[in-house]
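Architecture at a glance
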Amino acid sequence: MPDLQREINQRIETFVNEVAALARRAAIESLSEALDHPTSGRRRGRPPKNGASLADAVVTNGRRGRRRGSKGGKRSQAEITRAVERLHGYIQEHPGERMEQIAKGLGSTTKDLRLPVNKLVGDDLIRTEGEKRATRYFSAAGGKSRGRRKKA
């Protein structure tokens, strides 16, 4: 009986190894076809650095063409308008805050607020005081302000 059990286990192990090898080969062929296809977004030229595997090449080359929702895509005009309105309301309620404080208060990043701030400053809806990271933002009550930026 122990010989029969050992033989069964060996056959099962051989079968599992063969199936794993077939799956690996099929995956490599699929990846190879995807990377060789001209619309796959594959970068032409150098192979992956440091002898990276074919799967690594898919991960590094597959990052192009992302949509909004993940980092990197363009925002729609409606999203920008909402961000501008939200930001303007926040600055009216919290005058004199710096960009880092505003971003934290809105649950956003300073990078995402850069375009809305530029639009508000350009339309003279907010004014700034200070420079670089010490810039503080204020509502420009009464419409157009005399100067957009006052040096502290």
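Summary of the structure given here. (Residues numbered from 1 in each chain as written. Predicted model: local features only at pLDDT ≥ 70, side-chain atom pairs only at ≥ 80, totals over all residues. Heavy atoms only, no water.)

1. Re the pairing of strand β2 (residues 126–129)
Residues I126 and T128 line the buried face of β2, whereas the alternating positions R127 and E129 sit on a face that is not buried. Examined bridge by bridge, β2 and strand β3 (residues 136–139) share four bridges and lie antiparallel to one another. Bridge pairing links R127 to F138 in β3. Linking β2 to β3, which pair antiparallel, is a turn of six residues; within it G130 sits at a positive phi near 95°. (Buried < 20%, exposed > 50% of the residue type's maximum accessible area, 1.4 Å probe, protein only. Helix = DSSP H or I, 4+ residues; strand = E, 2+ residues; numbered from the N terminus. Pairing = 2+ DSSP bridges.)

2. A few points about the packing of helix α3 (residues 77–93) against helix α4 (residues 99–106)
Running from N to C, α3 and α4 point in directions that differ by 115°, and their axes come no closer than 11 Å. When the interaxial angle is binned, α3 and α4 end up roughly perpendicular. Relative to α4, α3 is oriented so that their crossing is right-handed. Contacts between α3 and α4 pair R86, L87, Y90 and I91 from the former with Q101, I102, G105 and L106 from the latter. Grouping the amino acids of the contact of α3 with α4 by side-chain chemistry returns five nonpolar, two polar and one charged. (Axes fitted to C-alpha atoms, helices over the stretch in contact; angles between N-to-C directions. Parallel < 35°, antiparallel > 145°, perpendicular 65-115°, else oblique. Left-handed = near helix turned anticlockwise from the far one by under 90°. Contact = heavy atoms within 4.5 Å. Nonpolar A, V, L, I, M, F, W, Y, C, P; charged D, E, K, R; others polar.)

3. Quick word on α4
Note: α-helices contain 3.6 residues per turn, so residues at a spacing of three or four share the same orientation. Here α4 has its buried residues at M99, I102, A103 and L106. Along α4, the residues classed as buried sweep out an arc of 100° about the axis, all on the same side. Looking at the buried residues of α4, the elements they touch are α3, β1 (97–98), α5 (110–122) and β3. G107 sits one or two residues past α4 and shows a positive phi near 70°. (Arc of directions from axis to C-beta.)

4. Description of the pairing of β3
In this sheet, β3 lies alongside β1 in antiparallel orientation, the contact comprising two bridges. Paired with E97 across the bridge in β3 is Y137.

5. Let's talk about the nonpolar core
Grouped together as the largest cluster of nonpolar side chains are 15 residues, with contacts concentrated most on L87, I102, L113, V117, I126 and Y137. Going through the elements one at a time, α3, α4 and α5 are the ones with two or more residues in this core. Of the residues forming this core, the biggest block, five residues, is contributed by α3. With residues up to four places along the chain from it excluded, the contact list for V117 reads L87, M99, I126 and Y137. (Core = buried A, V, L, I, M, F, W, Y, C linked by side-chain atoms within 4.5 Å.)

6. Here we look at the environment of A103
Here A103 lies in helix α4. A relative accessible area of 4% means that A103 is categorised as buried. Along the primary structure A103 and L87 are separated by 16 residues, whereas in three dimensions their C-alpha atoms are 9.1 Å apart.

7. With respect to the environment of L120
Mapped onto the elements of the fold, L120 is located in helix α5. Here L120 falls in the buried class, since its relative accessible area comes to 1%.

8. Some thoughts on a nonpolar patch on the surface
Taken together, the side chains of L4, I8, I12, F15, V16 and V19 make up a nonpolar region of the molecular surface, amounting to roughly 550 Å² of accessible area. Counting through the fold element by element, V16 comes out in helix α1 (residues 2–36). Judged by relative accessible area, V16 falls into the partly exposed class, the value being 46%. (Patch = residues over 30% accessible without salt bridge, like charges linked within 9 Å, V, L, I, M, F, W, Y side chains within 5 Å. Areas by Shrake-Rupley, 256 points an atom, 1.4 Å probe, with all protein chains shown as cover. Salt bridge = Lys/Arg side-chain N within 4 Å of Asp/Glu carboxyl O.)

9. Overview of the side chain of T135
Here T135 is to be found in the loop between β2 and β3. Of note is the side chain of T135, whose polar atom sits 2.8 Å from the backbone oxygen of K132. (Polar contact = N/O pair within 3.5 Å; in protein donor to acceptor, adjacent residues only side chain to side chain.)

None of this, on its own, says anything about what the molecule does.
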